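One-letter residues, chain by chain:
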Amino acid sequence: MFVRLEDEMGRLDVISQPQVCEKEREIINGNGILAVRGKLGKEDGVTNLKAETFFPLTLDDAREIVRSHDYH
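Residues numbered from 1 in each chain as written. Predicted model: local features only at pLDDT ≥ 70, side-chain atom pairs only at ≥ 80, totals over all residues. Heavy atoms only, no water.

Overview of the pattern of salt bridges
- Applying the stated rule across the entire model yields three salt bridges.
- Residue Asp-13 pairs with Arg-4 through a salt bridge whose shortest N-O separation is 2.9 Å.
- Taking the relative accessible area as the measure of exposure, Arg-4 reaches 45% and is therefore partly exposed.
- Its salt-bridge partner being Arg-25, residue Glu-22 comes within 2.7 Å of it at the nearest N-O pair. One end of the pair, Glu-22, and the other, Arg-25, are both in helix H1 (residues 18-30), three residues apart, so they sit about a helical turn from each other. (Salt bridge = Lys/Arg side-chain N within 4 Å of Asp/Glu carboxyl O. Buried < 20%, exposed > 50% of the residue type's maximum accessible area, 1.4 Å probe, protein only. Helix = DSSP H or I, 4+ residues; strand = E, 2+ residues; numbered from the N terminus.)

Quick look at the structure:
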């Protein structure tokens, strides 16, 4: 599974092997906001994260982790 995340700072490709997807299926499919833990790498100018595990977040959790940025 490949997921591309993009924001004002750039792009990040999350790569998940089939066995990780199967193990984490309920968390991935059952939650609108996720945190991902894995190994970060960069190849050909593209940053990627090889997912090891996924964590469900609530909107309140996400607000605590990532504060709003005003880039204007």
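From this point on, the discussion continues.
Some thoughts on the nonpolar core
- By size, the foremost hydrophobic cluster in this structure holds five residues: Val-14, Val-20, Ile-28, Ala-51 and Phe-54.
- If you list the elements that add at least two residues to this core, you get H1 and strand S4 (46-56).
- Not counting residues within four places of it along the chain, the set of residues in contact with Ile-28 comprises Met-1, Cys-21, Leu-34 and Phe-54. (Core = buried A, V, L, I, M, F, W, Y, C linked by side-chain atoms within 4.5 Å. Contact = heavy atoms within 4.5 Å.)

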